[in-house]
Amino acid sequence: MKYLVLLMADGEVPAWSEHTDEQKEAVFGQFEAFGAACSERDGVAILAGEALGSADTATTTRTRGGERTVTDGPFAEAVEQLGGFYLLEAPDLDVVLELTTLLPAYDLQISPVIDPS
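Note that this is a predicted model, so its numbers are computed, not measured.

Visitor: Explain helix H1 (residues 21–40) to me, and be specific about the residues and the numbers.
Guide: The end-to-end C-alpha distance of H1 is 29 Å, a good match for the 28 Å that 20 residues give at a rise of 1.5 Å each. Three or more residues of H1 are buried, namely Val27, Phe34, Gly35, Ala37 and Cys38. Seen along its axis, H1 keeps its buried residues to an arc of 165°; they face one direction. Residues of H1 that are exposed and point over 90 degrees away from its buried face: Asp21, Glu22, Glu25, Glu32, Ser39 and Glu40. Buried residues along H1 sit in contact with strand S2 (45–51), strand S5 (82–89) and helix H2 (93–99).

Structure, rendered in structure tokens:
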């Protein structure tokens, strides 16, 4: 089954701009440990994953009554910034929950991907 792991907000992790070089290196180490653990785990694969630009670089589109509007910035109702994502193949949610403990203490949203077939 596929799962989308959204890295939502900093959680207990200080803002990136507040990190020292050593702290940044430690955070990157956590991402590397997560990737290694996924590679070593039977039935688990990282299918995609990227860090995303800050909220002020986002573009939002809305279609209402057949009319599309495009605005700069994140979705207005969003409380948290989406910082990145992983698309994982994993046997079940429990495996994903276990592996994501290796990531920095960000707030995460984990959603199963629906198979249209």
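The structure having been displayed, the exposition proceeds.
Visitor: Kindly report on a negative patch on the surface, identifying the contributing residues and their values.
Guide: A surface patch of negative charge is lined by Asp10, Glu12, Glu18 and Asp107. Checked against the element boundaries, Asp10 lands in the loop between strand S1 (2–8) and H1. For Asp10, a relative accessible area of 36% gives the class partly exposed.

Reading guide: rules and limits
Residues numbered from 1 in each chain as written. Predicted model: local features only at pLDDT ≥ 70, side-chain atom pairs only at ≥ 80, totals over all residues. Heavy atoms only, no water. Helix = DSSP H or I, 4+ residues; strand = E, 2+ residues; numbered from the N terminus. Expected span 1.5 Å × (residues − 1). Buried < 20%, exposed > 50% of the residue type's maximum accessible area, 1.4 Å probe, protein only. Arc of directions from axis to C-beta. Contact = heavy atoms within 4.5 Å. Patch = residues over 30% accessible without salt bridge, like charges linked within 9 Å, V, L, I, M, F, W, Y side chains within 5 Å. Areas by Shrake-Rupley, 256 points an atom, 1.4 Å probe, with all protein chains shown as cover. Salt bridge = Lys/Arg side-chain N within 4 Å of Asp/Glu carboxyl O. Lys, Arg positive; Asp, Glu negative; His and termini not counted. Charge placed at Lys NZ, Arg CZ, Asp CG, Glu CD.

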